[in-house]
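# Residue-level structure breakdown
The lines below spell out each chain.
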Amino acid sequence: MSKLIIANWKMNGSIEQIEHDLSIYAKSIYTNNPSVVLALPNIYLYIASQIKNKLGAKFSLAAQDVSEFANYGAYTGEVSATMLKGLGTKYLIIGHSERRTYLNETDDSLLNKIDNTLNEKITPIFCIGEPKDIRENAKYIDFLQNQLEILLKVKSSFDNLVIAYEPIWAIGTGVVPTSEQISEVLKLIKAFVQNYLPHAKITVLYGGSVSGVNASEILNLPEVNGVLVGGASLKPDNFISICTY
Ligand code: 13P
């Protein structure tokens, strides 16, 4: 299977940029591929899926968040997994460290989000990652294991699961862990899933300061099944150069 390359635009972009970038991605052999995933701000997914259909493009779309409430109801401002499914959303980012930090997302709300996502047959991209002080205290293995344990409480059945390791100290900093550091954590994630969720088909990603310069080294590590790219996904030239790894 080809590696999964996900562009996380975060709170960036405009309708004009989407029209522009998606037409480039539809034409490039490196990006017009279901393994290339564009995680756009949720508000833009409708227009993105219309553009995608019009261009007959094959890349996939992802949402960046979902409500912890299911289906429909009196939850002002919320967007449910059911609504996102209707927009052609194939993947959904859950538990990004920025949301855990700035929006105070708790394990209980993340668990509801994962269940709601799976119930709509959307594949969750569950993010884990330790802050700098935990890495420096060498407590990161316990910390990450603890973050993974939430998966043991998921009620919905699932076959496919994507887990992204994004050390907080590597996000937007230009600091990238060594290949050994990445491999160590990805092996830990795979061993955890094999032990506790043996039925699940798992895809494990690395994210944090991935760029055209380091993508090839990271993506060629045997444990790495793909990357989650932030800043370098905002310019088509940069993102395409990552996809050519
Ligand atoms: P950067 O690639 O900008 O470091 O962001 C990584 C990230 O948070 C992707 O989800």
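As a reminder, the structure under discussion sits directly above these lines.
Read on for an overview of the structure. (Residues numbered from 1 in each chain as written. Predicted model: local features only at pLDDT ≥ 70, side-chain atom pairs only at ≥ 80, totals over all residues. Heavy atoms only, no water.)

## Re the layout of surface pockets
Taken as a whole, the largest pocket spans an internal volume of roughly 580 Å³. Every residue lining the largest pocket is counted, 20 residues in all, and those nearest its centre are Met 11, Asn 42, Gln 64, Asp 65 and Arg 99. Take the lining of the largest pocket: its biggest share by element is three residues, from helix α4 (residues 97-102). (1 Å grid on protein atoms, 1.4 Å probe; cavity = no way out; pocket = protein on both sides within 12 Å on 5 of 7 lines; lining within 4 Å. Points joined across faces, edges and corners; volume = space filled by probe spheres on them. Helix = DSSP H or I, 4+ residues; strand = E, 2+ residues; numbered from the N terminus.)

## Quick look at the site of the ligand
In the neighbourhood of the ligand, 13 residues make up the surrounding shell, with Lys 10, His 96, Gly 172, Ser 209 and Gly 231 lying closest. One of the side-chain nitrogen or oxygen atoms of Lys 10 is found 2.8 Å away from an oxygen atom of the ligand. Backbone polar atom of Gly 231 to an oxygen atom of the ligand: 2.8 Å apart, as the coordinates give it. Out of a free accessible area of 310 Å², the ligand has 95% covered by protein chains. (Near = heavy atom within 4 Å. Polar contact = N/O pair within 3.5 Å; in protein donor to acceptor, adjacent residues only side chain to side chain. Areas by Shrake-Rupley, 256 points an atom, 1.4 Å probe, with all protein chains shown as cover.)

## Focus: the packing of aromatic side chains
Here the structure, examined in full by the defined rule, presents four aromatic pairs. With a centroid separation of 4.9 Å and 50° between ring planes, the pair formed by Phe 192 and Tyr 196 is classed as tilted. A residue pair is termed a helical-turn pair when its members lie 3 or 4 positions apart in one helix, as Phe 192 and Tyr 196 do in helix α8 (residues 179-196) at four residues. Residue class for Tyr 196 comes out partly exposed when judged on its relative accessible area of 47%. Taking the ring centre of Tyr 140 as reference, the NZ or CZ of Arg 135 above it sits at 3.7 Å. (Phe/Tyr/Trp six-rings, centres within 6.5 Å; stacked < 30°, edge-to-face > 60°. Buried < 20%, exposed > 50% of the residue type's maximum accessible area, 1.4 Å probe, protein only. Lys NZ or Arg CZ within 6 Å of the ring centre and 35° of its normal.)

## Topic: the environment of Ile 94
Checked against the element boundaries, Ile 94 lands in strand β4 (residues 91-94). Of the residues examined, Ile 94 reaches a relative accessible area of 1% and is grouped as buried. Linking Ile 94 and Cys 127, residues 33 residues apart in sequence, is a C-alpha distance of 6.3 Å. Once residues lying within four places of it in the same chain are set aside, the contact partners of Ile 94 are Leu 110, Lys 113, Ile 114, Thr 117, Pro 124, Ile 125, Phe 126 and Cys 127. (Contact = heavy atoms within 4.5 Å.)

## Some remarks on a negative patch on the surface
A grouping of Glu 68, Glu 78, Asp 107 and Asp 108 is seen on the molecular surface, where their side chains present a negatively charged patch. Residue placement: Glu 78 occurs in the loop between β3 (60-63) and α3 (81-85). Residue classification places Glu 78 among the partly exposed positions, given a relative accessible area of 37%. (Patch = residues over 30% accessible without salt bridge, like charges linked within 9 Å, V, L, I, M, F, W, Y side chains within 5 Å. Salt bridge = Lys/Arg side-chain N within 4 Å of Asp/Glu carboxyl O. Lys, Arg positive; Asp, Glu negative; His and termini not counted. Charge placed at Lys NZ, Arg CZ, Asp CG, Glu CD.)

## Side note on helix α7 (residues 140-149)
Three or more residues of α7 are buried, namely Tyr 140, Leu 144, Gln 147 and Leu 148. Each buried residue of α7 lies within a common arc of 100° when the element is viewed along its axis, so the set occupies one face. On the buried face of α7, the contacting elements are α4, β5 (123-128), α6 (132-136), β6 (160-165) and α8. (Arc of directions from axis to C-beta.)

## Overview of the nonpolar core
If you look at the biggest cluster of nonpolar residues, it comprises 67 residues, and the most contacted ones within it are Leu 38, Phe 59, Leu 151, Tyr 165, Ile 189 and Phe 239. Leaving out residues up to four positions away in the same chain, Leu 151 has contacts with Ile 114, Phe 126, Leu 161, Ile 163 and Leu 197. Ranked by size, the runner-up nonpolar core spans 13 residues in total, among them Ile 6, Val 37, Ile 93 and Leu 228. (Core = buried A, V, L, I, M, F, W, Y, C linked by side-chain atoms within 4.5 Å.)

## Details of the pairing of β4
A two-sided burial pattern is seen for β4, the buried positions comprising Tyr 91 and Ile 93 on one face and Leu 92 and Ile 94 on the other. In terms of strand pairing, β3 meets β4 through two bridges, oriented parallel. Bridge pairing in β4 links Ala 62 to Tyr 91. Two elements, β4 and β5, share four bridges in a ladder whose sense is parallel. The residue of β5 that forms the bridge with Ile 94 is Phe 126. (Pairing = 2+ DSSP bridges.)

## Details of the sheet that holds strand β1 (residues 4-8)
If you walk around this closed barrel you meet the eight strands as β1-β2-β3-β4-β5-β6-β7-β8, and the pairing is parallel. Averaged over all pairs of adjacent strands, the angle between strand axes in this sheet comes to 25°, irrespective of strand direction. Sheet topology places β1 next to strand β8 (residues 226-229); four bridges connect them, and they run parallel. Looking at β8, one finds that Leu 4 is bridged to Gly 226. (Axes fitted to C-alpha atoms, helices over the stretch in contact; angles between N-to-C directions.)

## Some remarks on the environment of Ile 163
Here Ile 163 is to be found in strand β6. A residue is classified by how much of its surface remains accessible, and Ile 163, at 0% relative accessible area, is buried. In this structure the C-alpha to C-alpha distance between Ile 163 and Ile 189, which are 26 residues apart in sequence, comes to 8.0 Å. If we skip the residues at most four places from it in the chain, Ile 163 touches Phe 126, Ile 128, Leu 148, Leu 151, Ile 189, Val 193, Ile 202, Thr 203, Val 204 and Leu 205.

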